[in-house]
Amino acid sequence: MFKPLKHTLKSVLFASLTGIIYVTPVAAQQAPSQQEDPSLKIYRATSTKVHDLVHTKLDVRFDYAKRYLIGKAWLTLKPHFYKTDSLTLDAKAMDIKQVAIVKSGKNVPLKFQYDSLQLHIALDKAYQRTESFVVYIDYVARPDEVKSAGSAAITDAKGLYFINPDSSVKNKPVQIWTQGETESASAWFPTIDRTAQKTTEEISITVDKKYVTLSNGKLMSQKNNADGTRTDYWKMDLPHSPYLFMMAVGDFAIVKDQWKGKEVNYYVEKAYAPYAKAIFGNTPEMMTFYSNILGYDYPWVKYSQVVVRDYVSGAMENTTATIHGDFLQKTDRELLDNNNYNEAVVAHELFHHWFGDLVTAESWSNLTLNESFADYSEYLWMAYKYGKDAADDHSYKAMQSYQKFAQYSGDRDLVRFHYHDKEDMFDAISYQKGGRILNMLRNVVGDSAFFKSLNLYLKTNAFKAAEAHQLRLAFEEVSGQDLNWFFNQWYFGQGYPVLDIKSSYNETAKTVTVTVEQQQGDKIFQLPVAIDIYAGGKKVRHQVTIFDKVSTFTLPSDVKPDLVNFDGDKVLLAVKKENRDINSYIFQYTHAPEYLDRREAIEACLKEQSTNPAALKVIAAALKDKFYGLRALAINGLKLTDPAVKTATLATLQELAKKDDNATVRAAALTQLGSLKDVKLTPIFEAAAKDRSYAAAGAALESLGALDLEKGYTLAKQMEKDSKGALSNAIVSIYAQKGNEEDIAFFAKTFNEASGQDKLDAAIQYLGILGIVDDTDEVLKGVEDIKQMALLFNNKMVNNYLVSLLQPIARNKEEKAALASPDKKTGLLKQSDYMKKVATELKN
């Protein structure tokens, strides 16, 4: 499961919230007091296995008008160990027509009780663990009647979704798709909806002939029916968990690929078929890469990926058939600005097919075995395909995301047996923190042992469920080390180190003394770490281990070091305060090799760019750093109001704006040049407005608009037809400055076509223009559309933020009405009242 929406929304809103809720890293690691929540006292044990699912056979069709699934299920089960004469199945909000035991091909009715959540069945006899039996259920699934709530990661839990079933929304496709995680598969078929269950599967899906279907496993046959429908029969011969069952139905284009003779297909809306290979085309190479590093070939019969509308999460690793939200559909122009973000999503879901699908966390308490690995897979792919700098940049931002989460919500154990709701496990701890912990584990045992341990873990637990201790045991068997200390500290504990680091040189003794104080509170971490000493033109590495609250290391050095580089591999999940002068950072930029070495140096030198010529020289060099992310960091931090900074960097900025091979860097350079408001730069902006990158073109347009609004407005009108992302934002910004009522259609179009983070950005801009214009019909329609977006996101932070925007706009409308003519007054008050109403709904 990939959940970009949750974290990007939080990153946007965090800046506005931290002034109220920010706490220091030391205090942040203590979770907010929740002693009054009785749910936290419950030990979340792995569900007891009374029965084992063996095989699931489904036959489904749909009632689009009622949004029902009409289904038949044949479940093959056997007692797990003890003899039993009853069976309990999860089945949410269903109409149960018949329950029977299949005997000699005939259905023998069984007595049952149903409470809208579970189906309690009296079997025809007591069965031993050596005996299997088949239960038949005739049912209707009614997903809109499911009462289960979603979470920030999975915003709804109906299990089955009908998208635009009556075709009432113009230019929106008709689709059906499912979302099983966490326990919503049982909203569309009866099952034992637990991660520890594993079952083979076959499903027949009857749909209108014009639609394409996708499900787990292999498409075995297609049969045309006399009523204009078609029945597609899918079969999955390898066992997997019920929450990984899936269906998707729609008018998709299928773009075909392959890996070692296995189907690798991409299901997209037809308009995006020309770009499908650009979006997904590295999938076969990923399959080879992951198969090789794990020593375990991709185990499933096929791999398909489908993009759907209105998805309730980021993406989902349904076995052999991943679902993605429509944020992944991008044109070739949009992908220029994507910086491989899409590929991180694709990598994440693919890696789940080993960690999550092949070996599944036996309970949500052990979710780290699924999500931490998938998170770390993004790092592995980035390092392989795009270099270690790109991977380290990705990892650094993930660590920041986790630390912000911990500051806002408090920290928790990675493996936790006490939580309010299973949905709470899908957080930055299970994802980003877990990924960073795996990177530290890799550093502790070494690359060879790390991947050998993963291979052993997969082979030992293939097609089974596992818990974190089984991962530890695999690492201990391979490495020969007792790793309880690591797992107790990072998996079964919470927090992260806050380190104060000092170093000094003793000229007489020819030694360097490094003192590290842990300041995070009572918990003391054991931290193996590398200390690199750069002296006399050489680098000497010292491997040490921190055990105590204050640890002191005395290391030899014939001359005073130019740099004492603590955590030389830059792998620690920690906050580090290094008491060093600027000269060590100036040296560090050109001599220490890692991404974070250079980032730290750039950040330190940016603070002194106006006062220290040597620091400014580093910044000037960083504008040409080999990694685009660091070039952009240096550009964005420039203080061009300082004459010396401008003189040292202006020529390079102009070259970067024209020629850098990365769109993010070109856009950053254009934005900085635009801040100068220098008419002499107009030719650069005019040329860049034709850039294929929306980000670069948008930055150029905004810079032109700042010089000449009328010229920018004219150009925006010309660029409007083919505009997305940052270019749309730039056009919106210029239109907002003009305040022309006739431009509101562009705001509406931009909002309606956006998804995820971009949709929230567009909503904020849309509200801005709605606050200016007086057209009541347009204002009411726009506010209603924004409300519907908020309901779909189901995110309290988003709601609160929108409320904070709606309330002052409503007041301004009221004030405007007090001064307006009678004919306008009525409309303005209607707008104000509706905004207040929507604000109240979102607040509640």
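Reference entry: report on the structure contained in this document. In this text the structure is predicted, and so the values were computed from the model without any measurement.

### Quick word on the overall build of the chain
Argument step 1. In terms of regular secondary structure, the chain is built from 27 helices and 29 strands.
Argument step 2. Against the globule reference of 28 Å for 844 residues, the chain gives a C-alpha radius of gyration of 29 Å, in line with a compact fold.
Argument step 3. Seen through its principal axes, the chain has C-alpha atoms that stretch 90 × 80 × 55 Å.
Argument step 4. Going through the 844 residues of the chain one by one, you find that 57% of them count as buried.
Argument step 5. A fraction of 69% describes how many contacts in the chain between residues 6 or more apart in sequence connect residues 24 or more apart.
Argument step 6. Of the roughly 34,300 Å² of accessible surface on the chain, 51% is carried by carbon and sulfur atoms.

### Quick look at the pairing of strand S6 (residues 111-114)
Argument step 1. In terms of strand pairing, S6 meets strand S7 (residues 118-127) through four bridges, oriented antiparallel. Paired with Lys111 across the bridge in S7 is Ala122.

### Thoughts on the nonpolar core
Argument step 1. Among the nonpolar cores identified, the biggest contains 189 residues, and Tyr290, Trp354 and Tyr491 are the most heavily contacted of them.
Argument step 2. For this core, the leading source of residues is helix H20 (residues 694-707), giving eight residues.
Argument step 3. In this structure, Leu69, Ala141, Phe189 and Val207 belong to the second largest nonpolar core, which totals 66 residues.

### Regarding unusual backbone geometry
Argument step 1. Omega for the peptide link from Glu181 to Thr182 comes to 10°, which places this bond in the cis form.
Argument step 2. Here Asp567, not a glycine, exhibits a phi torsion of approximately 60°, which is positive.
Argument step 3. With respect to the helices and strands, the residue Asp567 is situated in the loop between strand S28 (563-566) and strand S29 (575-578).
Argument step 4. For Asp567, a relative accessible area of 2% corresponds to the buried category.

### Description of the side chain of Thr283
Argument step 1. Here Thr283 is to be found in helix H4 (residues 283-294).
Argument step 2. Not counting residues within four places of it along the chain, the set of residues in contact with Thr283 comprises Val264, Tyr266, Tyr303, Gln305, Val346 and Leu350.

### Some thoughts on the pairing of strand S11 (residues 199-208)
Argument step 1. For S11, the tally of buried residues reaches nine of ten residues, placing the bulk of the element in the interior.
Argument step 2. Looking at chain direction, strand S1 (residues 51-63) and S11 are connected through six bridges and run parallel. Across the sheet, the residue bridging to Thr56 is Glu201, located in S11.
Argument step 3. With nine bridges joining them, S11 and strand S14 (residues 229-240) adopt antiparallel strand pairing. When the sheet's bridge partners are listed, Ser204 is paired in S14 with Tyr233.

### A few points about the packing of aromatic side chains
Argument step 1. Taken as a whole and judged by the stated rule, the model has 49 aromatic pairs.
Argument step 2. An angle of 75° between the planes, with centres 5.8 Å apart, marks the rings of Tyr298 and Trp354 as edge-to-face. Here Tyr298, found in the loop between H4 and strand S18 (302-308), pairs with Trp354, found in the loop between helix H6 (341-351) and strand S21 (359-361); they are 56 residues apart in sequence, far enough to count as distant.
Argument step 3. Overall, Trp354 belongs to the buried group, its relative accessible area being 0%.
Argument step 4. Between Phe355 and Tyr457 the ring centres are 6.0 Å apart and the planes differ by 5°, which places this aromatic pair in the stacked class.

### Structural notes on the side chain of Arg472
Argument step 1. Along the chain, Arg472 turns up in helix H11 (residues 468-479).
Argument step 2. In this view, Arg472 contacts Leu483, Asn484 and Phe487; residues no more than four positions away in its chain are not counted.

### What about the sheet that holds strand S20 (residues 321-325)?
Argument step 1. Spatial strand order, S16-S17-S18-S20-S19: five strands in an open sheet with mixed pairing. A single partner strand is all that each edge strand has here, and the edge strands are strand S16 (252-259) and strand S19 (315-316).
Argument step 2. Sheet topology note: the S18/S20 ladder contains five bridges and is parallel. Counted as the bridge partner of Gln305 is Thr322 from S20.
Argument step 3. Along the sheet, H4 makes contact with S16, strand S17 (262-269) and S18, crossing S16 at roughly 40°.
Argument step 4. Here H6 sits on the sheet in contact with S18, S19 and S20, set at roughly 150° to S20.

### Here's the deal with the pattern of salt bridges
Argument step 1. Using the criterion set out here, one finds 55 salt bridges in the structure.
Argument step 2. In this structure, Glu507 engages Lys510 in a salt bridge whose closest nitrogen and oxygen atoms are separated by 2.9 Å.
Argument step 3. On the basis of relative accessibility, which here comes to 33%, the residue Lys510 falls in the partly exposed class.
Argument step 4. Linked through salt bridges whose partners overlap, the residues forming this network are Asp389, Arg598, Asp625 and Lys626.

Conventions and cut-offs
- Residues numbered from 1 in each chain as written.
- Predicted model: local features only at pLDDT ≥ 70, side-chain atom pairs only at ≥ 80, totals over all residues.
- Heavy atoms only, no water.
- Helix = DSSP H or I, 4+ residues; strand = E, 2+ residues; numbered from the N terminus.
- Rg over C-alpha atoms; globule rule 2.2 N^0.38 Å.
- Buried < 20%, exposed > 50% of the residue type's maximum accessible area, 1.4 Å probe, protein only.
- Contact = heavy atoms within 4.5 Å.
- Areas by Shrake-Rupley, 256 points an atom, 1.4 Å probe, with all protein chains shown as cover.
- Pairing = 2+ DSSP bridges.
- Core = buried A, V, L, I, M, F, W, Y, C linked by side-chain atoms within 4.5 Å.
- Phe/Tyr/Trp six-rings, centres within 6.5 Å; stacked < 30°, edge-to-face > 60°.
- Axes fitted to C-alpha atoms, helices over the stretch in contact; angles between N-to-C directions.
- Salt bridge = Lys/Arg side-chain N within 4 Å of Asp/Glu carboxyl O.

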